[in-house]
Amino acid sequence: MKHLRRVTAILLAAVMCLTVLGACAPDSGETTAATTAQEKGVPQINGGKPVTIIVNLGEYAPSDNEVPTQDAPDVFNSTRVLIAKFRKLHPNVTVVLDKTSPTTGGDYVASLNQWMLPRLAAGTQMDIACNLGGAELFGDSDWFIDLSDMLETPNAYIPEGQPGHDRWADQWPTYLWSSNVVKNTKSEIVAIPYMLDCGSPTAYFYNKEIFAELNLEIPKTWEELFDTCRIIKDAGYIPFAPHYINTNYDLQNWDTQFSLGPIYAQYVMEQLDYNGDGMQDMAERVRAVKEGIYNPETHAYAMDIWRQVKRKYDTVNSPILQEGFETTDYEPLWNEGKVAIMEGLMASLPYLLSNTEMDFEFGLFPPPVISNDTYDYLPEVQFTKAGPNKPDVASSWVFLKKSMEEKDPAVKEACIAFVKFMTASENMSAVVLEKRGAILGSTSSCLIPPELEEWMQQQFPIYPATTGWLTANLADWRQQGNKLLEQWIYGYVSDEDFARKLNEYSQADADAIIRSSGLDTTGWSIPD
């Protein structure tokens, strides 16, 4: 999985450097800045006086090289070009790219937390970023500012007459403003959507020749996945190659996020949707934890979801994962045509399309979801006719509160202008097209990459608008839960102890969020 590892390395590897784009001073100083902005009909920033902003683009940072070389064949230039265009409009603004990132391995949320806290303490944080997970991960950490008022302002970088020009928020589908990536527990909008996942941020890549040889249909449910892998295994092929992220035991592994959690949430949706608005927000998630809806000690369904995780990871009885999957390098086996299904990120698609080592045709399908063919008490999963149903936010812009409050106000002004520029549909489309099917743009008029033509014709499961099955969100308690899950899967912890301790960790996590967010728990039915 060389290409998968390469893209994940881009996302996670520590690259301790700062890149200055457009740092040269304008030829004519403040006069040039004022003239350029006025000619283009966009607001002048900081009265034309110099200002510097620090931006972390995460996976959307331009590559170090502009043209492919033997040592660095993968290049990404669209954001480089966009920053140059922004600088042409505003030559008084210097954009410094912060290319640092958390260390690789372990719990990604914990890694982000450990990476950011020392920087915030030292005042070396970026000003804006699109690699911090938005509200879903750190929306309750007080790292970010509330952006609600900002979204009501005009966006002069959008042509007059188009949605978003008069009111910035209008260029996005309205459902995104209810996303748990965008809104925190206090219902503040702390993140601005940038890119969307493609129905799911992950996909199952499959060898079309093996599927044709064995006369297999694409599995759509969790049970069908087990049955399909059993046939593949009996035929002598490797049925399934996991992404290396899922060789670590995590309460929020991809199965929990995309195959199991949403349907279990749908099963108890009437309990999770306390205010009856048809969705579950982060505050309702915390209440559901405190009221015991996720408690595997008291609810059989809340234990069943973990039994299904364990069922997949049981290499003795499961047809999906083989013994030694944690350390097996599946890349050469996939390239040789010996692997039928490979779990990967949608972000891997461009790299697989360029993989000259494969001599077979591959396709991809959405992660299968659990349905009533596994447990008859679960709802029968429903699918779209074609294309994803309301894809969620994959990356979002956040404004670091420490920078916005402690630096010169011109920094905030320039950061707002920069994000408005980058999220204009025309500019966003340039990034999406260069990503070649890895993501979708978040605005209603953003272009769809041609590489996703077949993908967009597939049926996708229809999820309810919930937080999935998120039992612990803060890094400390989630890490302890991850360790507990690993011990339970390996048989070091009994079912009873696993259920009891998981609920204890979930309760402690919810208590910490209640304290930090100042949530009013009046009317909650919290067991003694």
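The model shown is predicted, which means the values in this text are computed figures rather than measured ones. (Residues numbered from 1 in each chain as written. Predicted model: local features only at pLDDT ≥ 70, side-chain atom pairs only at ≥ 80, totals over all residues. Heavy atoms only, no water.)

Asks: Tell me about the side chain of asparagine 180, and please be specific about residues and values.
Replies: Assignment of secondary structure puts asparagine 180 in the loop between helix H5 (134–138) and strand E5 (192–196). Look at asparagine 180 and you get buried, because its relative accessible area is 9%. Here glutamine 280 takes part through its backbone oxygen, which lies 3.4 Å from a polar atom of the side chain of asparagine 180. Among the polar contacts listed, one links the side chain of asparagine 180 to the backbone nitrogen of methionine 282, at a separation of 3.4 Å. Not counting residues up to four positions away in its chain, the partners in contact with asparagine 180 are Ala135, Glu136, Gln280, Asp281, Met282, Thr466 and Thr467. (Helix = DSSP H or I, 4+ residues; strand = E, 2+ residues; numbered from the N terminus. Buried < 20%, exposed > 50% of the residue type's maximum accessible area, 1.4 Å probe, protein only. Polar contact = N/O pair within 3.5 Å; in protein donor to acceptor, adjacent residues only side chain to side chain. Contact = heavy atoms within 4.5 Å.)

Asks: An account of the sheet that holds strand E9 (residues 362–365) is requested, with residue identities and associated values reported.
Replies: Pairing is mixed across the open sheet formed by four strands, whose spatial order is E7-E8-E6-E9. The sheet is open, and its two edges are formed by strand E7 (238–241) and E9, each paired on a single side. Across the sheet, the mean angle from the axis of one strand to that of its neighbour is 20 degrees, orientation sign disregarded. The pairing of strand E6 (residues 202–207) with E9 spans four bridges and is antiparallel. Bridge assignment links tyrosine 204 to a residue of E9, and that residue is phenylalanine 365. (Pairing = 2+ DSSP bridges. Axes fitted to C-alpha atoms, helices over the stretch in contact; angles between N-to-C directions.)

Asks: Can you break down the environment of threonine 153 residue by residue, with the values?
Replies: Residue placement: threonine 153 occurs in the loop between H5 and E5. For threonine 153, a relative accessible area of 28% translates into the label partly exposed. Spatially, the C-alpha atoms of threonine 153 and aspartate 166 are 7.0 Å apart, while their sequence positions differ by 13 residues. If we skip the residues at most four places from it in the chain, threonine 153 touches Asp166, Arg167, Trp168 and Lys420. Only 2.8 Å separates the side chain of threonine 153 from the side chain of lysine 420, close enough to count as a polar contact.

Asks: Describe the pattern of salt bridges, with residues and values.
Replies: Opposite charge on two side chains permits pairing when their charged atoms draw close. One pass over the full model with this rule turns up 24 salt bridges. Through salt bridges with shared partners, one network takes in Glu152, Arg167 and Asp170. (Salt bridge = Lys/Arg side-chain N within 4 Å of Asp/Glu carboxyl O.)

Asks: Quick rundown of helix H7 (residues 222–234)? Include the residues and the values.
Replies: Look at H7: 19 Å from first C-alpha to last across 13 residues, which is about the 18 Å you get at 1.5 Å a residue. All of the buried residues in H7 are Trp222, Glu223, Leu225, Phe226, Thr228, Cys229 and Ile232. Two residues or fewer after H7 comes glycine 236, characterised by a positive phi angle close to 95 degrees. (Expected span 1.5 Å × (residues − 1).)

Such coordinate-based values are descriptive only and should not be taken to indicate function.
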